[in-house]
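Residue-level listing of the chains:
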Amino acid sequence: MDTQSVDTLTKHEQILRYIESLKLGSRISVRKIAKNMEVSEGTAYRAIKEAENQGLVSTKERIGTVRVEKKLRQNIDKLTFAEVVNMVDGQVLGGSRGLHKTLHKFVIGAMEQDAMMRYIEAGSLLIVGNRNRAHICALEQGAGVLITGGFNTSTEVKVLADELELPIISSSYDTFTVASMINRAIYDRLIKKKIMLVEDILASGASLYALKANSTLKDWQRMSEDTGYSRFPVVDEWNRIIGVVTSKDMVGANSLQTVDKLMTRNPLTVTAQTSVASAAHMMVWEGIELLPVVDANRKILGVLNRSDVLKAMQYIQKQPQNGETFEDLIWSGLEEVRDEKGTLQFHGVITPQMTNHLGTVSEGVLTTLMTQAAYRIVQEHKKGDLVMDNMSTYFLKPLQIDSKIEIRPTIIEVSRKFGKIDVEIYHAGTLVSKAMLTAQVI
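Residues numbered from 1 in each chain as written. Predicted model: local features only at pLDDT ≥ 70, side-chain atom pairs only at ≥ 80, totals over all residues. Heavy atoms only, no water.

What follows deals with the sheet that holds strand 16 (residues 290-294). Judged by pairing direction, the sheet is mixed, and its three strands sit side by side in the order 15-16-17 without closing on themselves. Looking at which strands have only one partner, the edges of the open sheet turn out to be strand 15 (270-271) and strand 17 (300-305). When strand 16 meets strand 17, the two strands line up antiparallel, connected through five bridges. Across the sheet, the residue bridging to Leu 290 is Asn 305, located in strand 17. (Pairing = 2+ DSSP bridges. Helix = DSSP H or I, 4+ residues; strand = E, 2+ residues; numbered from the N terminus.)

Written out as structure tokens, the structure is:
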């Protein structure tokens, strides 16, 4: 598909292109955009909001809306100073022009100043109390400063922060609380980083083959011969997706019949921000081989086929763990064992974090344990991921803290696409919980 010309872009898209072309740090206003692009202020406002959602601009306190560098997926584990301000309910004392900058580490200033300076470098954040000399040294090293305890700083420090465009922030929280909050935020980003999105596997710059509504059977045959594919999206004159056509749709059609009479209308679509797992589930559940990827205006960005998604799922399984989810933490205390017949079981102990307000194990935790056990025993027999269809659970007896448990999963049936698993949890030889699961295998 040819590159879009300005004539095929809507006013909304033209404004986004204009904003993207601005220099980093440029100030943006609704009135200014409306005047420069000759559009209404309402159109300009909506485009600026969309640009903010895309990470092209950011609204800063006492500055207004400015063009910022779009955060890349590989930098998702890095925080901006502006995010730190919001996180710790902070007040910006100086250097507000540098709020969009990212920090790659933080240093707690609980040591002598000379020793502290060995750890501070450009792009870091010093967390310290009301020590003016330390504030100045950190700024001179290219680092931002977060003052804990709600303390202020000197005018000299504020002026230097403004000159260097490095934020100096004050928070009423103590040092330990502030460090914990920032650490938690970075940890959450590590978890997000491992979640593969459609945009990660959508080949940038790759040719996009699509048919128009008035394309004929001959056009489909020609494109199929050129590309080796038999499925294509169908778009209108604005490159918006209106349908999908496959070889099955072409059976019995005459050579001059247009594809808009043959295609499947209103096809399922995904966006670039959809997770690959969700796209895989959609393709398996609906039995489709082609999934168009669209933007907010339903303009086509690319297409996914089943092989793209399956390759990505296989890649995910080989990647190291970055950050732990609640599921990982719940499962981490269990060990894999084999009985005398070689049957896979899991043994572990109930920890305080697994319990509810009554001191017994939460039903949600037991459900997670049984689901994870089912997932792992299926992987022994068949490589792939499970997508849960149905689960019937039975909670027979309560479990207390420090109880030793045995989880015994049993495969009832596994086919190419579906699996049925029975999972039982025992304590002291007594059955305490049981589940029957049916799932799709990706």
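After that view, the rundown keeps rolling.
Bringing the packing of aromatic side chains into the picture now. Under the counting rule described, the total for this entry stands at one aromatic pair. Plain terms: the ring middles of Trp 331 and Phe 346 are 5.0 Å apart, the flat faces sit at 65 degrees to each other, and that makes the pair edge-to-face. Taken together, the residues Trp 331 in helix 14 (residues 326-331) and Phe 346 in strand 19 (residues 344-349) connect sequence positions 15 residues apart. This pair shows no difference in class: Trp 331 is buried, exactly as Phe 346 is. (Phe/Tyr/Trp six-rings, centres within 6.5 Å; stacked < 30°, edge-to-face > 60°. Buried < 20%, exposed > 50% of the residue type's maximum accessible area, 1.4 Å probe, protein only.)

Let us look at the environment of Ala 428. Following the sequence through the fold, Ala 428 ends up in the loop between strand 22 (418-427) and strand 23 (430-441). In sequence terms Ala 428 and Lys 404 are 24 residues apart; their C-alpha atoms lie 7.4 Å from each other.

With that settled, the discussion passes to the sheet that holds strand 20 (residues 386-395). If you trace the six strands from one edge of the open sheet to the other, you get 18-19-21-22-23-20, paired in antiparallel fashion. A strand with exactly one partner marks an edge of an open sheet, and here the two such strands are strand 18 (335-338) and strand 20. For this sheet, the mean inter-axis angle between neighbouring strands, taken without regard to orientation, is 25 degrees. Of the pairings in the sheet, the one linking strand 22 to strand 23 comprises ten bridges and is antiparallel in character. Pairing of Asp 422 across the sheet is with Met 436, part of strand 23. Against the sheet, helix 15 (residues 363-381) makes contact with strand 18, strand 19, strand 20, strand 21 (404-414), strand 22 and strand 23, and its axis sits at roughly 130 degrees relative to strand 20, the strand it touches most. (Axes fitted to C-alpha atoms, helices over the stretch in contact; angles between N-to-C directions. Contact = heavy atoms within 4.5 Å.)

Relative to the helices and strands, Glu 424 is located in strand 22. A relative accessible area of 17% places Glu 424 in the buried class. A distance of 3.1 Å separates the side chain of Glu 424 from the side chain of Lys 434, its partner in a polar contact. When sequence neighbours within four positions are dropped, the list of residues in contact with Glu 424 reads Glu 406, Ile 407, Arg 408, Leu 431, Ser 433 and Lys 434. (Polar contact = N/O pair within 3.5 Å; in protein donor to acceptor, adjacent residues only side chain to side chain.)

The interhelical angle for the contact between helix 1 (residues 11-21) and helix 3 (residues 41-53), taken along N-to-C directions, is 55 degrees, at an axis separation of 9 Å. When the axis of helix 1 is compared with that of helix 3, the two are oblique. Remark: the crossing between helix 1 and helix 3 carries right-handed chirality. For the pair formed by helix 1 and helix 3, the contact residues are Lys 11, His 12, Ile 15, Leu 16 and Ile 19 on the first element and Thr 43, Ala 44, Arg 46, Ala 47, Ile 48, Glu 50 and Ala 51 on the second. (Parallel < 35°, antiparallel > 145°, perpendicular 65-115°, else oblique. Left-handed = near helix turned anticlockwise from the far one by under 90°.)

Over its 19 residues, helix 15 extends 28 Å from the first C-alpha to the last, a length consistent with the 27 Å expected when each residue adds 1.5 Å. Among all positions in helix 15, only Val 365, Leu 366, Thr 368, Leu 369, Met 370, Gln 372, Ala 373, Ala 374, Ile 377 and Val 378 are buried. Its buried side turned inward, helix 15 meets helix 14, strand 19, strand 20, strand 21, strand 22 and strand 23. Measuring from the backbone nitrogen of Gly 364 back to the side-chain oxygen at the start of helix 15 gives 3.1 Å, which picks out Ser 362 as the cap. (Expected span 1.5 Å × (residues − 1).)

We now examine the side chain of Gln 345. Residue position: Gln 345 is located in strand 19. Gln 345 sits in the buried class, given a relative accessible area of 11%. For Gln 345, the side chain forms a polar contact with the side chain of His 347, separated by 3.3 Å.

This part takes up the pattern of salt bridges. Under the defined criterion, the tally for this structure stands at twelve salt bridges. Residue Arg 222 is joined to Asp 219 by a salt bridge in which the shortest nitrogen-to-oxygen separation is 3.0 Å. With Arg 222 and Asp 219 both in helix 10 (residues 217-227) and three residues apart, the pair spans about one turn of that helix. Classification of Arg 222 by relative accessible area gives partly exposed; the value is 47%. With a relative accessible area of 24%, Asp 219 lands in the partly exposed category. (Salt bridge = Lys/Arg side-chain N within 4 Å of Asp/Glu carboxyl O.)

In this section: the packing of helix 6 (residues 132-140) against helix 7 (residues 155-164). Think of two packed helices as two axes; the pair is described by the angle between the axes and how far apart they sit. Contact geometry of helix 6 with helix 7 gives a least axis separation of 10 Å together with a crossing angle of 10 degrees. Judged by the angle between their axes, helix 6 and helix 7 are roughly parallel. Contact with helix 6, carried on its side by Asn 132, His 135, Ile 136, Leu 139 and Glu 140, involves Glu 156, Val 157, Leu 160, Ala 161 and Leu 164 of helix 7 and no other residues of that element. Across the contact of helix 6 with helix 7, the residue classes break down as six nonpolar, two polar and two charged. (Nonpolar A, V, L, I, M, F, W, Y, C, P; charged D, E, K, R; others polar.)

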